[in-house]
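# Summary of structural features
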Amino acid sequence: MRKEIIDVLPIQLFLTIIKLQICFEPHGLTTRKSLFLNILTKMKTKEPQKQPNSRRDFIKKTAIGLATFTIVPRYVLGGQGYLAPSDKLTKAVIGVGGMGRGHFEYEGTQVVAICDVDQNHLKQAAAMLDKGVKTFSDYRELIRLPEVDIVHIATPPHWHGIMAVDAANAGKDIWCEKPMTHTIGEGKRVVEAVKQNGRMFRLNTWFRFKDTFYGMGTTVKPIKKLVDSGMLGWPLKVTVSKHTGYDWKFYWVGKDHLEPQPVPPELDYNAWLGPAPYKPYNAHRVHQTFRGYWDYDGGGLSDMGQHYIDPIQYFLGKDDTNPVSVEVDAPQQHTDAVGIWRRITYTYADGCQIILDGEGKDANVPYIEGPKGKLYPGFKSDIPDLERKLAQFPDPDPEIVEFSESVRTRKKFALNEENGHRSCNIVNIGLAALRLGRSLKFDPVKQEFIDDEAANRLINSVMRAPFSI
C-alpha cells in the first residue's frame, strides 16, 4: 500500500478503519482493499494544507465518531474467527416475562433488543437494560434487525417452533427454552430450518453437561461413564420419580371450566395466542399458569420432561433414536385442561426402558437398574468399590458447553437441534398417549405413530391462520 496514504493517519485510527471497512464490505479481499484505499485517498485529498491545526481536528472528530461503533454483530466481521469490537455477541430476547428476564446475563453476550406482547413485561424488562435497547411487540420486526447475532426464545412452547424457524430463516443463531417444540412435527421443521440456513442452535436445559443432576448428587458425566463401562449390564431401566430426586410438578394442571374475562389493556391477547386456537381470555390461560392447557404446553411432563429425559437419552447413547412404544396409566384427560398421571413407561427397541413414576409408590427404587448392578440417588450402588473400578474407564468425549463458543466457531453445541429434538420427541410421545388415553407404538425412523391415525394427527397441530411452519 502507498506510504504516502498510510502517513495520513496514526496507526490506531488506521486499524479501526480496517475493522469498519470489513464490517460494511464483507464480500472479498480485493473489494475490501479497493474500498479502503478509496476511503484513505478521499480523506487525504480533503485535508486542508494551509491550516496547521485542521489535520489534528479532523483526526479528533473522526475518532469521536468511530467511538460510537462499540457493538458490531459478529456475522458482519468477515466470518469465522472475528469478534465484535466489544468482544461480545449481540442477543435479542423474545418473551420477557419471568423466564425471559432471568436470561439477560449470559457469558459473552449483550442484549440489544427485546420483544413481548405484554406492555408491562416490556417496560419491566427495559428498565433492567441499557437505554439503547430496542423494544418490540412483534417478534418478526425484531428478528430482522441486522445487529442481532442470537435470538433467545423464552415464550410459551406453542410459539417455539414458528419463532425458531423464522429466526433461522432470518440468519440468526438460536437459543430456545425447553421444551424445544410443542409437537413432533414442529421439531422436525426446526431441525430442517437450522440445517438449511447453517445456524447454531442451543436448547436451554443443561443437565447433560453441567450442574448436579437433581437427586443423583453428581453431574451426568460419571453416570455416562458408568453406563458406558458396562458394569451395570444391558438393557437398563431408568426410573424418574420423587424418590430418585425428580418432582413432576403436578400443580401445573388446568381448570376445566374458565369464565371469560376482560382482556387487560396491556396485553395483546390475540398475539399471545398466535397459532393456538382462539378461546376466550381468562387469566389462568396466560403467563404463569399457561402450562395447564394443551393448546400451549403439557403440564409437569412438558415443563420438566426435557430436563429429566434429555440426560437419559445421552447416557443411554440414544441421541439419534427414540423409544418404540409408550404405555400410560392415567385418568382420562380433559380436552382443554391438562391433568395428572400415575405412570408412563417408554421402551426402546433393545429393551431399555424409561419409567416416569408420578405416584412414587416404591421408595427404594434404584435410579438405574441393569442385570449386573444398580445405581441409587447420591451415586450409591450395589457394586462394591464402584468409584475405584470406574476410574479405570475413559471419560466421555468433550463437547462444546458454552453457546458463545459454538456461535464463534460454528461447531455444534452439546445440546443442539438434533439431539434436543429427539429428547423432546419423548415428551411429545408421552403427551400424545396421555391425551388419547392409550398405549402407542412409535417408528423412530419415520418419527410417526404406527397404525394410529388419531395419534398421528397430533404430530402436527392445526395452526390458526395466518400462522404456519
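Refer to the structure above for everything that follows.
Quick caveat: nothing in here was measured; it's all calculated off a predicted structure. (Residues numbered from 1 in each chain as written. Predicted model: local features only at pLDDT ≥ 70, side-chain atom pairs only at ≥ 80, totals over all residues. Heavy atoms only, no water.)

## Observations concerning the sheet that holds strand E6 (residues 201-203)
A sheet is described by the order of its strands in space; here six strands give the open sequence E3-E2-E1-E4-E5-E6, paired in parallel fashion. With partners counted over all chains shown, the strands left at the sheet margins are strand E3 (134-136) and E6, one partner each. Going across the sheet, the axis of each strand differs from the next one's by a mean of 25 degrees, ignoring polarity. (Pairing = 2+ DSSP bridges. Helix = DSSP H or I, 4+ residues; strand = E, 2+ residues; numbered from the N terminus. Axes fitted to C-alpha atoms, helices over the stretch in contact; angles between N-to-C directions.)

## Points about the pattern of salt bridges
The full count for this structure, using the stated rule, is 23 salt bridges. Asp 336 serves as the salt-bridge partner of Arg 285, at 2.6 Å between the closest nitrogen and oxygen. Residue Arg 285 is found in the loop between helix H11 (269-273) and helix H12 (299-315), and its partner Asp 336 is found in the loop between strand E8 (325-329) and strand E9 (343-347); the two are separated by 51 residues along the sequence. Taken as a pair, Arg 285 and Asp 336 share a single burial class, namely buried. Linking Arg 438 and Asp 452 is a salt bridge whose minimum nitrogen-to-oxygen distance equals 2.9 Å. Here the residue Arg 438 occupies a position in the loop between helix H15 (417-436) and strand E14 (440-443), and Asp 452 occupies one in the loop between strand E15 (448-449) and helix H16 (453-457), the gap between them amounting to 14 residues. The class for Arg 438 is partly exposed, based on a relative accessible area of 33%. Within this structure, Lys 178, Lys 249, Arg 291, Asp 297 and Asp 303 form a network of salt bridges that share partners. (Salt bridge = Lys/Arg side-chain N within 4 Å of Asp/Glu carboxyl O. Buried < 20%, exposed > 50% of the residue type's maximum accessible area, 1.4 Å probe, protein only.)

## Quick look at the side chain of His 284
Tracing the backbone shows His 284 in the loop between H11 and H12. Among the polar contacts made by the side chain of His 284, one reaches the side chain of Tyr 293 at a distance of 2.6 Å. Setting aside residues up to four positions removed in sequence, His 284 forms contacts with Val 253, Gly 254, Lys 255, Leu 258, Thr 289, Phe 290 and Tyr 293. (Polar contact = N/O pair within 3.5 Å; in protein donor to acceptor, adjacent residues only side chain to side chain. Contact = heavy atoms within 4.5 Å.)

## Comments concerning the sheet that holds strand E10 (residues 353-357)
Strands sit in the order E13-E12-E11-E7-E10-E9-E8-E14-E15 across an open sheet of nine strands; the sheet is mixed. Strand pairing shows two members of the sheet lacking a second neighbour, strand E13 (380-381) and E15, which therefore form its edges. One ladder, built from two bridges, connects strand E11 (residues 368-369) with strand E12 (residues 374-376); its direction is antiparallel. The residue bridging Glu 369 from the neighbouring strand is Lys 374, located in E12. Against the sheet, H15 engages E8, E9, E14 and E15, with an angle of about 50 degrees to E8.

## A closer look at the pairing of strand E5 (residues 173-176)
Residues Asp 173 and Trp 175 line one face of E5 and the alternating positions Ile 174 and Cys 176 line the opposite face, and both faces are buried. With three bridges connecting them, E5 and E6 associate as parallel partners. In the strand pairing of E6, Trp 175 is matched with Arg 202. The parallel pair E5 and E6, bridged by helix H9 (residues 184-196), forms a crossover whose chirality is right-handed. (Right-handed = clockwise from strand over helix to strand, strands pointing away.)

## Overview of the pairing of strand E1 (residues 89-94)
Within E1, six of the six residues are buried, which leaves the element mostly enclosed by the surrounding structure. Going residue by residue along E1, you find Leu 89, Lys 91 and Val 93 tucked away on one face and Thr 90, Ala 92 and Ile 94 tucked away on the opposite face as well. Across six bridges, E1 lies against strand E2 (residues 109-115) in parallel orientation. Across the sheet, the residue bridging to Leu 89 is Thr 109, located in E2. As defined by bridge partners, E1 adjoins strand E4 (residues 150-153) across four bridges and the pair is classed as parallel. Counted as the bridge partner of Lys 91 is Ile 150 from E4.

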